[in-house]
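Here is how the chains run, residue by residue.
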Amino acid sequence: MNNADELAVRCVENINFSTAHNWPVEQAAVLITTPKGWKAPPKFPRSEIVNVNPNTGTRVRRISAMRLLAYLVGNNLTTIKIEMRALK
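Remember, it's a predicted structure, so these values are computed and weren't measured experimentally.

Peer 1: Hey, could you go over the side chain of threonine 78 for me, with residue numbers and the actual values?
Peer 2: By secondary structure assignment, the location of threonine 78 is in the segment after α2 (65-74). For threonine 78, a relative accessible area of 6% gives the class buried. Of note is the side chain of threonine 78, whose polar atom sits 2.5 Å from the side chain of aspartate 5. Not counting chain neighbours up to four residues away, the residues in contact with threonine 78 comprise Ala4, Asp5, Ala8, Leu72 and Val73.

Peer 1: Explain the pairing of strand β2 (residues 48-52) to me, and be specific about the residues and the numbers.
Peer 2: Look at any regular strand and the pattern is simple: side chains alternate between the two faces of the sheet. In this sheet, strand β3 (residues 59-64) lies alongside β2 in antiparallel orientation, the contact comprising 4 bridges. Along β3, the bridge assignment pairs isoleucine 49 with arginine 61. Taking the residues between adjacent antiparallel strands as the criterion, β2 and β3 are bridged by 6 residues, where glycine 57 takes a positive phi near 85°.

Peer 1: Residues and numbers for the pairing of β3, please.
Peer 2: Bridging between strand β1 (residues 29-34) and β3 involves 6 bridges; their strand directions are antiparallel. Bridge pairing in β3 links alanine 29 to serine 64.

Peer 1: Any details on a nonpolar patch on the surface? Residues and values, ideally.
Peer 2: Together, Val12, Val73, Ile80, Ile82 and Met84 make up a nonpolar patch on the protein surface, roughly 490 Å² of accessible area in all. Positionally, valine 73 belongs in helix α2.

Peer 1: A description of the packing of helix α1 (residues 3-20) against α2 should follow, citing residues and the corresponding values.
Peer 2: At a minimum axis distance of 9 Å, the contact between α1 and α2 shows a crossing angle of 145°. α1 and α2 meet at a crossing whose hand is left-handed. On the side of α1, the interface is formed by Ala4, Leu7, Ala8, Cys11, Val12 and Ile15, while α2 contributes Ala65, Met66, Leu68, Leu69 and Leu72. When the residues that make up the contact of α1 with α2 are grouped by side-chain class, the tally is 11 nonpolar, no polar and no charged.

Peer 1: Break down the nonpolar core for me, with residues and values.
Peer 2: Ranked by internal contacts, the top residues of the largest apolar core, which has 14 residues, are Cys11, Phe44, Ile63, Leu68 and Leu72. Within the residue set of this core, elements represented by two or more residues are α1, β1 and α2. For this core, the element with the highest residue contribution is α2, accounting for 5 residues.

Peer 1: How would you sum up the side chain of serine 64? Please name residues and give values.
Peer 2: By the element assignment, serine 64 lies in strand β3. Apart from the residues within four sequence positions on either side, serine 64 is in contact with Glu26, Ala28 and Ala29.

Peer 1: Describe in detail the pattern of salt bridges, supporting the description with residues and values.
Peer 2: One pass over the full model with this rule turns up 1 salt bridge. Across the pair glutamate 48 and arginine 62 runs a salt bridge, and its minimum N-O distance is 4.0 Å. Of this pair, glutamate 48 sits in strand β2 while arginine 62 is found in strand β3, placing the two residues 14 residues apart along the sequence.

Conventions and cut-offs
- Residues numbered from 1 in each chain as written.
- Predicted model: local features only at pLDDT ≥ 70, side-chain atom pairs only at ≥ 80, totals over all residues.
- Heavy atoms only, no water.
- Helix = DSSP H or I, 4+ residues; strand = E, 2+ residues; numbered from the N terminus.
- Buried < 20%, exposed > 50% of the residue type's maximum accessible area, 1.4 Å probe, protein only.
- Polar contact = N/O pair within 3.5 Å; in protein donor to acceptor, adjacent residues only side chain to side chain.
- Contact = heavy atoms within 4.5 Å.
- Pairing = 2+ DSSP bridges.
- Patch = residues over 30% accessible without salt bridge, like charges linked within 9 Å, V, L, I, M, F, W, Y side chains within 5 Å.
- Areas by Shrake-Rupley, 256 points an atom, 1.4 Å probe, with all protein chains shown as cover.
- Salt bridge = Lys/Arg side-chain N within 4 Å of Asp/Glu carboxyl O.
- Axes fitted to C-alpha atoms, helices over the stretch in contact; angles between N-to-C directions.
- Left-handed = near helix turned anticlockwise from the far one by under 90°.
- Nonpolar A, V, L, I, M, F, W, Y, C, P; charged D, E, K, R; others polar.
- Core = buried A, V, L, I, M, F, W, Y, C linked by side-chain atoms within 4.5 Å.

Below you can see the structure in the form of structure tokens.
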């Protein structure tokens with residue numbers, strides 16, 4: 001499993017968690033850590049910086065799970081298999 005696949009799994013988990021708890025799916029998000037000076041690739045979803053480590057300069061970013069998943073699938077970085085199940 002590569003990094004894109006792991007990110008996709010985290011996105012789906014957060015979306016499913018929000019759905020199961022009747023929370024707005026649009027607010028489901030994932031946190032990623034980026035190094036100092038990291039530049040997002042073209043069309044990468046916008047993120048919000050949550051924390052900056054003053055010693056290393058790394059940044060923790062909050063990204064919408066839906067937008068990140070759409071970016072990963074849309075750029076052929078990962079694929080998803082959809083299983084339809086009834087919610088309990």
